[in-house]
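Analysis of the macromolecular model
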Amino acid sequence: MAERAQPVTRAWPGIGAAALVVALTLGSLAAVALRAESPGRFAAADWAALRFTLWQALLSALISVTLAVPVARGLARRRFAGRGLLISLLGAPFILPTIVAVLGLLAVFGRNGLISDVLGWFGLPPVQIYGLHGVVLAHVFFNLPLATRLILQAWLAIPSEQFRLAATLGFDARDVARVLERPMLRDVLPGAFMVIFVICITSFAVALALGGGPKATTIELAIYQAFRFEFDLGKAALLALVQFAICAAAALAMLRLRVPLAHTAGLDRPVQRWDAAGGRQRAADAVWIGLAGAFLLAPLSMIVLRGLPGLASLSAPVIAAAGRSVLVALGSTVLAVGLSLSMALAIETLRGRRLAGVLETVGYLAIAASPLVIGTGLFIVLFPMVDPTRLALPLTALVNAVMALPFALRILVPAVARTERQFGRLADSLALTGWPRLRHVLLPRLRRPLGFAAGLAAAMSMGDLGVIALFAAPGEATLPLQLYRLMATYRMEAAAGAALLLLGLSLGLFWLFDRGGRMNAAT
Amino acid sequence: MKQPILFAGLMALATSAVAQDRPVLTVMTYDSFVSDWGPGPAVEKAFEKVCDCDLQFVGAGDGAALLARLRLEGARSEADVVLGLDSNLMAAASDTGLFAEHGIKAQLDLPVAWNDTQFLPFDWGYFAFVYDRKTVSDPPKSMQELADSGLKIVIEDPRSSTPGLGLLLWVDAAYGDGAPMLWQELADNIVTVTKGWSEAYGLFLDGEADMVLSYTTSPAYHLIAEGDDSKAAAAFEEGHYMQIEVAGKLAASDQPELADQFLRFMLSEAFQSIIPTTNWMYPAVMPEGGLPEGFETLITPAKALIYPPQEAAQRRDGALETWLNALSR
């Protein structure tokens, strides 16, 4: 691809987007560090926190990705009623506010949950969910769907001609796996693993709620402690830096591990699978899809069931908060898609140069960012100039967009690369560059990944408490914040209703964008 | 469905900018105080009736987040009054040097004497383990009995939550040198430790634990707002640690008179009568009509435990160490 000389100038929007990410993540960290009165120091307890953090993230990511492969394979090669709906619902666990998802999980796996009830009929003791396994279970619940979607995306991108050719050559399922699927997995798995690994590093509410005690202390909780218990900004900044370092190391390892596909081009035709028609494969796919569906949908159903009574009595402040959240989510989506598309294009333009790797690593930084540090850093920077509470909603939209960026990038970078590989030469020979190339070559083929990325960004923004908790003015709450306020004032039933509304709106937005991207796409 | 929601959202955005000519008093407080279900809206209405001013609340997380926010803003803070720190945070708040003396001699109805010159209490409560009468028929009568029982409890993490810190000091105050031992015995009762009160209380209501660390006043919410008398707080013979919530005036306030007026108002009937059924705590000054019906069913601890602010600040690091050691085994 080196012969396709791409001027670096075309990468400028993407480089600008990356600079914005750096400013928000490392910049906010620097702002916090500069305000510190003394440099932070690592204590013994922080090492224990680091070990626990890495260990649970490693387990969670490994299990999520491993389980996602057979589920994605099943979804990739089967057509059944409700498949589209199931794929849309797969987005749900990931976008729920942690507290809602945890309560949903406990309704199934908790001491008083469905499974314990069933065990009780047979005189067995209830499930013990609290501990490392509880943390991992919750993380798999959150991330299995994401991993499945990422892998499914890559599966569906294998050109149909190749399966056609494989069938002509008399390949059985094992040959197809060896020749077509395994190379694809080597391309996509490291990225999926890495994203989930980093998510699990920073998610601390889950670790805290299900970990069962201070054994389950994560770095993010240590940051919290430094801020709130000790008000030691130096230590908070140091811990946040460690979090970034882990993330950067993981991103670099991933870039190295990843073996980019050398697939040939196809004609964008729907995929038909001759190799997977056997009864055993059908049965295996059905079992995997069924198990994953039950694991993911049972807690969601519990959230719906417990939310229904509260739904009828939703109060005006909750509805208004929902309106604000939808606006913030839409703004955040536009930003996230703009930032990630420009970065993905820049990465493709610069492919082979060191800068491309830097851009891709920067794209992941945001997941490793502690919302507490970003929020505090923004506050320190903005406070001398303007009252941050006046900017609460736009700031929330911006920070949410940057938080969604790593995921959007994970979706768009391979898609852009694939399209360029397949159609780049043709476009070059037609001298299609700039906007016409984007409009006629890239965008039509990026519809599905763009729709997925936009859906994810919208839904994540809906469900995220984000920085608004740090400086919301009264009467400017978003729906997740309002949900926490309801809970903080004992109104658990109303909170359950608000959670259901939140689930519905998040899924609705996700479905709209994702569906929009898949329209007219037969595959 | 979508359009009315969008419209409501836009309306809410549009109405936030209203022309001002009255003086503005800014009160920084914790988030649940200003929520639509907290005391904030009613307090604002009542004070604006008497002050000819515009009372604006600024919300920030909970008590500890409030102090962190104040430290970040420092003397440039636009806030005139900070409301919602608790007695455990008072020493650190006072050390910032940002608070002015209130100069108010108040008749307070607290179980302990109050003579702080910078901070005035606006409400108070006792920490307690709350249970459901339907599942726990014979509640423990002390922390030791709880530790010896097979009851499962949810508590809050002292590093991220003010009730969690309260429990540390409670055990420390009641058991002294025996605290490490007690925590070790309590360890197998603790189902999990949550980030904040809401998570813990939510888990308890969903039946994940038999008891939850909350307040003696929590059952009043269920009784008064929901007509449900099944929740109760267990009375412990060693006494209950208190949480006293306070407010103070910032030295850098540009509205010092209004701030004084607000602090006096805070201890008046109009403010105090709002507290019991919005913040679900005891008022610092008993309203003329007494407490709302239902509060008489609550337990009254035999002994009120509390460290003076300086001592609370000194003891908390050691207490945290003890806690971490006992529960990390």
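Residues numbered from 1 in each chain as written. Chains lettered and ligands numbered in written order. Predicted model: local features only at pLDDT ≥ 70, side-chain atom pairs only at ≥ 80, totals over all residues. Heavy atoms only, no water.

**As for the interface of chain A and chain B**
So the rule is basically this: Contacts: residue pairs with any heavy atoms within 4.5 Å of one another. In this description, buried area is defined as the sum, over both parts, of the accessible area (probe of 1.4 Å) that is lost when the two are combined. The salt bridge criterion pairs a side-chain nitrogen of Lys or Arg with a carboxyl oxygen of Asp or Glu, the two atoms within 4 Å. Pairs of N or O atoms are called polar contacts if they sit within 3.5 Å, as long as, within protein, a hydrogen donor faces a hydrogen acceptor (for residues adjacent in sequence, only side-chain-to-side-chain pairs). Labels follow the DSSP assignment, with helices taken as runs of H or I lasting at least four residues and strands as runs of E lasting at least two, numbered in each case from the N terminus.
The interface is formed by 65 residues belonging to chain A together with 67 residues belonging to chain B. Carbon and sulfur atoms supply 63% of the area that chain A and chain B bury against each other, a total of about 5800 Å² over both sides. Three residues stand out in chain A for area buried against chain B, namely Arg228, Phe229 and Tyr490 of chain A, and they jointly supply 16% of the buried area on that side. Viewed at the interface, chain B and chain A are joined by 3 salt bridges. Across the pair Arg111 of chain A and Asp210 of chain B runs a salt bridge, and its minimum N-O distance is 3.1 Å. Across the chain A-chain B interface, the total number found is 11 residue pairs in polar contact (both at pLDDT 80 or more). Listed by contribution, the elements that provide at least two residues to the side of chain A that touches chain B are helix 5 (98-109), helix 10 (204-211), helix 11 (219-228), helix 14 (316-349), helix 16 (371-382), helix 19 (468-471), helix 20 (479-488) and helix 21 (492-518) of chain A.

**Some remarks on the domain arrangement of chain B**
All names here are of chain B. So the rule is basically this: Throughout the structure description, domain borders are defined by an automatic or database domain assignment.
Considered domain by domain, chain B is made up of domain 1 (21-124 + 243-295) and domain 2 (126-242 + 297-327). Just the C-alpha atoms count here: the centres of domain 1 and domain 2 sit 26 Å apart. Counting residues at the interface gives 19 residues for domain 1 and 27 residues for domain 2. The contact between domain 1 and domain 2 buries some 2000 Å² in all, and 66% of this surface belongs to carbon and sulfur atoms. Of all residues in domain 1, the largest losses of buried area upon contact with domain 2 belong to Asn88, Gln243 and Trp280, amounting jointly to 36% of the total for that side. The interface formed by domain 1 and domain 2 includes 0 salt bridges. Applying the counting rule to domain 1 against domain 2 returns 6 residue pairs in polar contact (both at pLDDT 80 or more). Contributing elements (two or more residues each) for the side of domain 1 that touches domain 2: helix 5 (90-95) and strand 10 (240-250).

**Brief notes about the pattern of salt bridges**
Residue and element names in this part refer to chain A. As a reminder of what qualifies: Working definition: with a 1.4 Å probe on protein chains only, accessible area under 20% of the residue-type maximum means buried, over 50% means exposed, and in between means partly exposed.
In the structure shown here, the tally under the stated rule is 17 salt bridges over all chains. The partner of Asp514 in a salt bridge is Arg149, and the shortest N-O contact between them spans 3.1 Å. Of this pair, Asp514 sits in helix 21 while Arg149 sits in helix 7 (residues 132-156); the two residues are 365 residues apart in sequence, bridging distant segments of the chain. Look at Asp514 and you get buried, because its relative accessible area is 0%. Through salt bridges with shared partners, a single ionic network connects Arg77, Arg78 and Asp285.

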